[in-house]
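Observations on chain architecture
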Amino acid sequence: LNPAARSGLFAVCADPRAEARLAAKELLQLDGRRYAFVGFHERRVWSDERRRNFQEALRTNGRECLTFDLTLGDTRPLSAWERKLRAWIRRLPKPCAIYTPTDVTASKIANICMTERIRVPDDVALRQVEGFKMKLTAPKNFGWFVIGE
């Protein structure tokens, strides 16, 4: 039992395994894509857990996962991380489906794609989890649709 449970307090915990499996299941519906994971810019257990479980879910389905899991120390600016992420996204084989652990990271990826003229969701589909909201952005006919809102 964790200390919060022993003290009579309650805690709501995320299930990174279930979140990653759901993300993989949804992204695998987008046939003909490569798959990638972009971790949080600071080392976090929940980001590492989602990466490991996403990779495992893809392996179970015979797919590989490209990863951008660079973290920066406190002395390095976030802009250096973003420059490396931009270069990595440019080199990604397209089309690609990216799973990332936060809306903030997904927003950074979407902005990079926009400035690099990489079409979202045609070239890069994004899937993120933030709290209890899980979303998938992908083409449907000529529009976009969102799952999980």
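A short tour of the structure in this document, coming up. (Residues numbered from 1 in each chain as written. Predicted model: local features only at pLDDT ≥ 70, side-chain atom pairs only at ≥ 80, totals over all residues. Heavy atoms only, no water.)

With that settled, consider the overall build of the protein. A count of helical and extended segments in the protein gives five helices and six strands. Each of the 149 residues in the protein was classed as buried or not, and the buried ones make up 41%. Considering only residue pairs separated by 6 or more positions, the protein has 68% of its internal contacts joining residues 24 or more positions apart. Approximately 8,700 Å² of the protein is accessible, and the part contributed by carbon and sulfur atoms is 52%. (Helix = DSSP H or I, 4+ residues; strand = E, 2+ residues; numbered from the N terminus. Buried < 20%, exposed > 50% of the residue type's maximum accessible area, 1.4 Å probe, protein only. Contact = heavy atoms within 4.5 Å. Areas by Shrake-Rupley, 256 points an atom, 1.4 Å probe, with all protein chains shown as cover.)

A few words on the state of the cysteines. If you walk through the whole model with that rule in mind, you get zero disulfides. You can see C65 has no disulfide; the closest cysteine sulfur is in C96, sitting 8.5 Å from it. Residue classification places C96 among the buried positions, given a relative accessible area of 0%. (Disulfide = S-S within 2.5 Å.)

Before going further, it helps to spend a moment on helix α5 (residues 103-115). Compared with the 18 Å implied by 1.5 Å per residue over 13 residues, the 18 Å span of α5 between its first and last C-alpha is a close match. Where α5 terminates, the next one or two residues include R117, which has phi positive at roughly 60°. (Expected span 1.5 Å × (residues − 1).)

Looking now at unusual backbone geometry. Between K94 and P95 the backbone carries a cis peptide bond, its omega angle lying at 0°. By the element assignment, P95 lies in the loop between α4 (78-91) and β3 (96-100). Each neighbour pair has its own omega, and for V120 with P121 the value is 15°, a cis peptide bond. Its place among the elements puts P121 in the loop between α5 and β4 (124-130). A positive phi angle is found at R117, which is not glycine, with a value near 60°. Summarising the element assignment, R117 is placed in the loop between α5 and β4.

What follows concerns the packing of aromatic side chains. One pass over the full model with this rule turns up four aromatic pairs. Between the aromatic rings of F54 and Y99, the centroid separation amounts to 4.8 Å while the plane-to-plane angle is 50°, which identifies the pairing as tilted. You can see F54 sitting in helix α3 (residues 45-60) and its partner Y99 sitting in strand β3, a full 45 residues away along the chain. This pair shows no difference in class: F54 is buried, exactly as Y99 is. On the basis of an interplanar angle of 65° and a centroid distance of 5.8 Å, the ring pair of F68 and W81 is categorised as edge-to-face. (Phe/Tyr/Trp six-rings, centres within 6.5 Å; stacked < 30°, edge-to-face > 60°.)

Examined against the element boundaries, K84 turns out to sit in helix α4. Here K84 falls in the partly exposed class, since its relative accessible area comes to 41%. For K84 and F68, which are 16 residues apart along the polypeptide, the C-alpha to C-alpha distance reads 9.2 Å.

Interpretation in functional terms is not warranted from these geometric data alone.
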